[in-house]
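Coordinates in review
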Amino acid sequence: MKVTRRGFIATTAIGGASLALDLKAQSKPGRAAALPSALPKKAVIISAANGYNYLDRGYAVLSSGGDTLDAVMQVITGPEDDPNDDSVGLGGLPNEDCVVELDACCMHGPTRMAGSVAGVRDIKNVSLLAKTVMEHTGHVMLVGEGAQKFGFLMGFPKENLLTERSRKTWQLWRETMSNDDWWGPGLASPKFKFPDTAGNVSEFYDERIERMEKLAEKIGIAPEFRMAAIERVLNPPSGTIHCSVVNEKGEMSGATTTSGLAWKLAGRAGDSPIIGAGSYTDQDVGSAGATGNGEENIKVCGAHTIVENMRRGMSPQEAGMDALKRIVRNYEGTPEKLQYVDMSYYILRKDGAYAGVCMWSGPPEHPRRFAVNDGTKRYENAVALYQGQSLGWPPMPGRKRLAPKQKK
Ligand code: GLY
């Protein structure tokens, strides 16, 4: 078909007119009935617990009239820069090849823009890199070498992200867990087998810890970090930080950054760089984000599900609980598998209402917490779907099984 200049202008003009009509239809009052109408009384920041020390930096940005995404960045670059936080950025726990690979994404409510990067090596502040993708490209997501190259071109310094402490912890994992890695079958597979728990397994478990302590000493892991390193080997963390912010004008932003699941396969991307899973912000409704097992969260699009639940009128807590129950539903046939799933959601509505929810409460002496600053900085306990503690992955004999006991 031949397209003339006149025909092209006529077609695109009609397209433009019908688009204007569609947008009008979408903003009919009936469709927006559940949207929060009140503005927050004060600005609110909510984050994973490891953001606590940096909440004041974020709040200072808001108090001086700064942008909400800049406030988020002030919070989450704190743990990214900290070599002792091994869940994100510098010092993050590496993949199975002993290489640190980072993921992050962000959304800016007022402009409704988004940016994301996955599998990035040698750049510490991947949250800022995701923001740079958002601000300086027409794309939303860059991965691997392309994301790294873009970062260097945009002036991000090349840094060695592997600290000696994280390398030694990797070595402890490699030398003790070489048969229990991330190669399948995964938890969701019908071929998944629970570990054999016959015999005196707790004795076996105790012996294993003892062996690991000796090995940790040989590797040169500092005595005060030895048990923590063993814990990371037996219970590979998927530690992450999410932060969501609303200012007094009701403007919102959110972002998530992580080194991902410890000892993962090279190239594995979790939920953190996935807009709608690890983080999601809708300027009309609210903002939410996640920490925990990325694979589970991707399958329920957790952050997006939560924001859409709030759009339909659920409270932040109800919205988060519903997302957790969708993960539970994915294991209806085998509820015992839920003991290996760890998930927390951080939820902020446009009017300033917020909630932190989690799959497992954690032990009574260390309940699962999140951090808040609404002018007063504090930790709050998350509301748990189940009482108890999740188990590490891969499954191993001797770990205590927990029977899912739902709170509500
Ligand atoms: N939630 C972080 C990850 O699974 O990578």
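Check the entry above for the structure.
Definitions and limits used
- Residues numbered from 1 in each chain as written.
- Predicted model: local features only at pLDDT ≥ 70, side-chain atom pairs only at ≥ 80, totals over all residues.
- Heavy atoms only, no water.
- Helix = DSSP H or I, 4+ residues; strand = E, 2+ residues; numbered from the N terminus.
- Buried < 20%, exposed > 50% of the residue type's maximum accessible area, 1.4 Å probe, protein only.
- Contact = heavy atoms within 4.5 Å.
- Areas by Shrake-Rupley, 256 points an atom, 1.4 Å probe, with all protein chains shown as cover.
- Pairing = 2+ DSSP bridges.
- Axes fitted to C-alpha atoms, helices over the stretch in contact; angles between N-to-C directions.
- Polar contact = N/O pair within 3.5 Å; in protein donor to acceptor, adjacent residues only side chain to side chain.
- Near = heavy atom within 4 Å.
- Nonpolar A, V, L, I, M, F, W, Y, C, P; charged D, E, K, R; others polar.

1. Focus on the overall build of the chain
Each helix and strand in the chain was counted, giving 11 helices and 13 strands. Burial analysis of the chain (408 residues in total) assigns 52% to the buried set. The contacts of the chain with a sequence gap of at least 6 include a subset with a gap of at least 24, amounting to 69%. For the chain, the exposed surface amounts to about 18,700 Å²; the carbon and sulfur share of it is 53%.

2. Some remarks on helix H4 (residues 126–136)
Among the 11 residues in H4, eight count as buried, and that is most of the element. Where H4 is concerned, the buried positions are Val126, Ser127, Leu129, Ala130, Lys131, Thr132, Val133 and Met134. On the buried face of H4, the contacting elements are helix H3 (68–81), strand E2 (102–108), strand E3 (113–120), strand E4 (141–143), helix H5 (144–153) and strand E6 (252–258).

3. Here's the deal with the sheet that holds E4
The mixed open sheet is built from eight strands, whose spatial order is E4-E3-E2-E6-E5-E1-E11-E12. Of all strands in the sheet, those bounded by a partner on one side alone are E4 and strand E12 (377–381). Taken over all neighbouring pairs, the strand axes of this sheet differ in orientation by 10° on average, direction set aside. Packed on one face of the sheet, H3 meets strand E1 (44–48), E2, strand E5 (240–246) and E6 and runs near 20° to E6.

4. Here's the deal with the environment of Asn160
Here Asn160 lies in the loop between H5 and helix H6 (164–176). Residue Asn160 is classed as exposed on the basis of its relative accessible area, which comes to 60%. With 69 residues separating them in the primary sequence, Asn160 and Gly91 have C-alpha atoms 9.0 Å apart. In this structure the side chain of Asn160 is engaged in a polar contact, spanning 3.1 Å, whose partner is the backbone nitrogen of Leu162.

5. Describing the site of the ligand
All residues adjacent to the ligand are Ser238, Thr240, Gly260, Leu261, Arg268, Gly270, Asp271, Ser272, Gly292 and Gly294. A distance of 3.5 Å separates a nitrogen atom of the ligand from a polar side-chain atom of Thr240. Here a nitrogen atom of the ligand sits 2.7 Å away from a polar atom, N or O, in the side chain of Asp271. Look at the ligand: alone it shows 200 Å² of surface, and the protein chains cover 100% of it. Each residue belonging to the shell around the ligand can be placed in one class, and the counts come to one nonpolar, seven polar and two charged.

6. As for the pairing of strand E8 (residues 286–292)
In terms of burial, E8 is a largely internal element, seven of the seven residues being buried. In E8, alternate side chains face the same way, and those of Gly286, Ala288, Ala290 and Gly292 on one face and Ser287, Gly289 and Thr291 on the other are all buried. Of the pairings in the sheet, the one linking strand E7 (residues 279–282) to E8 comprises four bridges and is antiparallel in character. From the neighbouring strand, Ser279 faces E8, where its bridge partner is Gly289. Between E7 and E8, which pair antiparallel one after the other, the connecting turn spans three residues.

7. A word on the sheet that holds strand E9 (residues 343–349)
Strands belonging to one sheet form pairs held by backbone hydrogen bonds; the direction of such a pair is parallel or antiparallel. Spatial ordering of the open sheet is given by E7-E8-E9-E10-E13, a layout of five strands whose pairing is mixed. The outermost strands of the open sheet, each flanked by one partner alone, are E7 and strand E13 (383–386). Neighbour-to-neighbour, the strand axes of this sheet turn through a mean angle of 15°, independent of strand direction. Across three bridges, the pairing between strand E10 (residues 354–360) and E13 is parallel. In the sheet register, Trp360 faces E13, and the bridge partner there is Tyr386. This element, helix H10 (residues 302–311), spans E7, E8 and E9 of the sheet and lies at about 145° to E8. Where helix H11 (residues 316–329) meets the sheet, it contacts E9, E10 and E13, and its direction lies at approximately 25° from that of E10.

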